[in-house]
Amino acid sequence: PHVRTNIYDPLPNQFQLNGEPFDFTSLRGKVSLFANVASNWGYASANYKGFAGLRERFASKDVQIVSYPCNQFGHQEPGTPEEILKFAKEHAYPEDAILMQKVDVNGKNADENWKLLKAAFKNKDVFWNFEKFLVDRNGVPKKRYGSTWSKDIAKDIETLLSEEEEQAGEDL
């Protein structure tokens, strides 16, 4: 079996919350922020505002937000796909951000992408809702953030974008 070395390697049977299939190879060349989301968590609105701010700031850049609803922490994402989509829309979740189907991020049934994200950080389990992982253009997880919104995320995205633009310039 193929061992996935980065988050953008093909992974079968991945679906967005709206039922559409999603191909992670489409993220190659983009900096991505992955998060586990939960509508009923007290800081959900602040995090969704953070996502919206990132989208606004990096509108013309190759930056993608990918979120996975998860009901493993305090049962704070019990809703149906329709309810989750409605909540996200009402809380300014960016229209072009990816909202995947509900998954487990920890345990034996953890989603394959979450296993790969955690593996980059000593396989430490996700502690709570809205943990975030910043992934470079090559699909390699570079940074992990806790549940509250961090101003470092935008700065770290800028750093990854500029480092990678410099490298691209050297290749010419």
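Preceding block: the structure.
Residues numbered from 1 in each chain as written. Predicted model: local features only at pLDDT ≥ 70, side-chain atom pairs only at ≥ 80, totals over all residues. Heavy atoms only, no water.

Let us look at the environment of Ser45. Within the secondary structure, Ser45 is located in helix 1 (residues 44–57). With 42 residues separating them along the chain, Ser45 and Phe87 place their C-alpha atoms 9.5 Å apart. (Helix = DSSP H or I, 4+ residues; strand = E, 2+ residues; numbered from the N terminus.)

What follows concerns the nonpolar core. In terms of nonpolar packing, the biggest core is built from 28 residues, with Tyr48, Phe51, Leu54, Tyr93 and Ile157 touching the most fellow members. Those elements that provide at least two residues to this core are strand 1 (31–37), helix 1, strand 2 (63–69), helix 2 (81–90) and helix 4 (152–171). No other element matches the 5 residues that helix 4 contributes to this core. With residues up to four places along the chain from it excluded, the contact list for Leu54 reads Leu33, Ile65, Trp149, Ile153, Ala154 and Ile157. Core analysis: the second largest hydrophobic core is formed by 20 residues, Phe34, Val105, Leu117 and Val126 among them. (Core = buried A, V, L, I, M, F, W, Y, C linked by side-chain atoms within 4.5 Å. Buried < 20%, exposed > 50% of the residue type's maximum accessible area, 1.4 Å probe, protein only. Contact = heavy atoms within 4.5 Å.)

Under the definition given, this model contains 11 salt bridges. For Glu158, the salt bridge goes to Arg57, with nearest N and O atoms at 3.5 Å. Taken together, the positions of Glu158 in helix 4 and Arg57 in helix 1 put the pair 101 residues apart, joining distant regions of the chain. Under the relative-accessibility criterion, Glu158 is labelled partly exposed at 33%. The residue Glu131 makes a salt bridge to Arg144 at a minimum N-O spacing of 2.8 Å. You can see Glu131 sitting in the loop between helix 3 (112–119) and strand 4 (132–135) and its partner Arg144 sitting in strand 5 (residues 141–145), a full 13 residues away along the chain. (Salt bridge = Lys/Arg side-chain N within 4 Å of Asp/Glu carboxyl O.)

Read these as layout, nothing more, since geometry by itself doesn't imply function.
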